[in-house]
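Working through the structure, step by step
Here is what each chain is made of, one letter per residue.
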Amino acid sequence: MEKEWLLETSQMTKQYGRHKALDQVSLHVAQGDIYGLIGRNGAGKTTILRIISGLAQATQGDYRIFGKDSRQAALERSRVGALIEEPGLYPDMTARQNLKVKCLAMGMRREGYIEELLQTVGLADTGNKKARNFSLGMRQRLGIALALVGDPDLLILDEPINGLDPQGFVEVRETLTKLNKEKHITIVISSHILDELSKFATHYGIIHNGTLLEELTREELLSKCCERIELKTSDTGRACTVIEAMGIRNYQVKDEYTIHIFERLDDSGDITMALSKEGIKVLGIALKSESLEEYFLNLTGGGKE
Ligand code: ATP
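Every chain's residues receive numbers from 1 upward, in the order its sequence appears when written. A pLDDT threshold of at least 70 governs which residues receive local features in this predicted model, and a stricter bar of 80 or more applies before side-chain atom pairs are shown or counted, although totals over entire chains, interfaces and linings include all residues. Only heavy atoms go into the side-chain values, all of them from the structure, while hydrogens and water stay out.

Now for unusual backbone geometry. The backbone of glutamine 11 shows a phi angle near 45°, a positive value even though the residue is not glycine. A helix here means a DSSP run of H or I that spans at least four residues, while a strand means a run of E at least two residues long, and both kinds are numbered starting from the N terminus. The residue glutamine 11 is located in strand S1 (residues 7-16) in this model. Non-glycine residue glutamate 159 carries a positive phi angle of around 45°. Secondary-structure assignment places glutamate 159 in the loop between strand S8 (154-158) and helix H5 (166-182). Given a relative accessible area of 12%, glutamate 159 falls into the buried group. Any residue under 20% of the maximum accessible area for its type is buried, any over 50% is exposed, and the rest in between are partly exposed; the area is computed with a 1.4 Å probe on protein chains only.

The subject of this paragraph is the domain arrangement of the chain. Domains are outlined according to an automatic or database domain assignment. Along its sequence, the chain is organised into domain 1 (7-217) and domain 2 (227-288). Each of domain 1 and domain 2 has a C-alpha centre, and these two points are 44 Å apart.

At least two bridges found by DSSP between two strands is the condition for calling them paired. If you walk across this open sheet you meet the 4 strands as S13-S14-S12-S15, and the pairing is antiparallel. A strand with exactly one partner marks an edge of an open sheet, and here the two such strands are strand S13 (251-253) and strand S15 (282-288). Sheet twist, expressed as the mean angle between neighbouring strand axes with direction ignored, is 15°. With 4 bridges joining them, strand S12 (residues 228-233) and strand S14 (residues 258-261) adopt antiparallel strand pairing. Along S14, the bridge assignment pairs isoleucine 229 with isoleucine 261. Contact definition: two residues touch when any of their heavy atoms are within 4.5 Å. Axis definition: a line fitted to C-alpha atoms, limited for helices to the stretch in contact. Angles are taken between N-to-C directions and run from 0 to 180 degrees. Sheet strands in contact with helix H8 (residues 236-245) are S12, S13 and S14, and its direction is about 20° off that of S14.

Moving on to the packing of aromatic side chains. Only Phe, Tyr and Trp rings take part, Trp by its six-membered ring, and two of them pair if their centres are within 6.5 Å. Stacked means planes under 30 degrees apart, edge-to-face means over 60, and tilted covers everything else. Summed over the entire model, instances satisfying the criterion amount to 1 aromatic pair. Relative to phenylalanine 200, the ring of phenylalanine 169 lies with its centre 6.4 Å away and its plane at 55°, an arrangement referred to as tilted. Residue phenylalanine 169 is located in helix H5, and its partner phenylalanine 200 is located in the loop between helix H6 (194-197) and strand S10 (203-208); the two are separated by 31 residues in the primary sequence. According to the relative accessible area criterion, phenylalanine 200 is buried, its value standing at 8%.

Judged by pairing direction, the sheet is mixed, and its 6 strands sit side by side in the order S7-S8-S9-S4-S10-S11 without closing on themselves. What marks the edges here is a single partner per strand, and that holds for strand S7 (80-83) and strand S11 (211-217). Across the sheet, the mean angle separating the axes of adjacent strands is 15° when strand polarity is ignored. Where S8 and strand S9 (residues 186-191) come together, 5 bridges link them in parallel fashion. Bridge pairing in S9 places aspartate 158 opposite serine 190.

Here the focus is helix H9 (residues 268-277). All of the buried residues in H9 are Ile271, Ala274 and Leu275. Take H9 and look down its axis: the buried residues cluster within an arc of 100°, on one side only. In H9, the exposed positions angled more than 90 degrees off the buried face are occupied by Met273 and Lys277. Turning to H9, the residues buried within the fold contact S12, H8, S14 and S15. With its phi angle positive at about 75°, glycine 279 sits one or two positions after the end of H9. It is the directions from the helix axis to the C-beta atoms whose arc is reported.

Quick look at the structure:
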């Protein structure tokens, strides 16, 4: 049976005049994911988030959300909370007053509801402080609280960690992790900094120039970036037999010529010798370790914009 996605886009394309902001993007978000959409400035992240939030329309392709296609998606809007670009705050109002306006507009009148939201995002102690005097982290957390009005099952956040200082980042990250774990809210969050997202996202979509290059789980991402020996030989099959005979178990065959070995990282010399003894040509052997940021830069074409 095909997996039922909470949110899925199929070959979604968005054209602005002759410029393709998105080119056949097919991404997949399951219930309970924290899905990090990662791409440089202008990659197309905001455009995707605007379309799935109902703020823009795709030129071609479609998306499904909560099992409904985009034409029926309006019925599910109340299950989606979004913070796209700047949070629309009233600067002369406190956090409570800002939330009150949104609650009134959305018909949320439950006693204690605003206090709960303030607690959830860690703004319960802000008293009479006006939003204009909030730090960027506090503003983002208030934006998240506003997106939470109506108790959505899916939260869509566009660059909420952009520009935050380390403390602000930790506060937003902890807020989002808590919402995901305790309230079971699925989160789609965009960023241009993979390193930060990697501290809490469970799944990743890497977008570049409007194209989704790769979707991967957190484990897949970390395994791509960890330290390893990259071995290239003329005969992968026989090479595996040799390294297994050396007691090496933690390795992966990447393609016809390449094997990644994740243990005994100081033993490249012994490995080369053992292979040569069996008449297997070593085309290359090197110790590699990529940081997440390097991995992302390589995938998106080096340091070039
Ligand atoms: P950023 O972090 O800078 O917002 P992004 O990944 O969110 O980047 P988008 O805002 O989705 O990128 O933009 C993708 C591309 O589409 C960019 O080249 C942008 O200039 C273009 N674009 C976005 N909105 C419009 C618009 N309304 N009219 C014309 N071009 C647009």
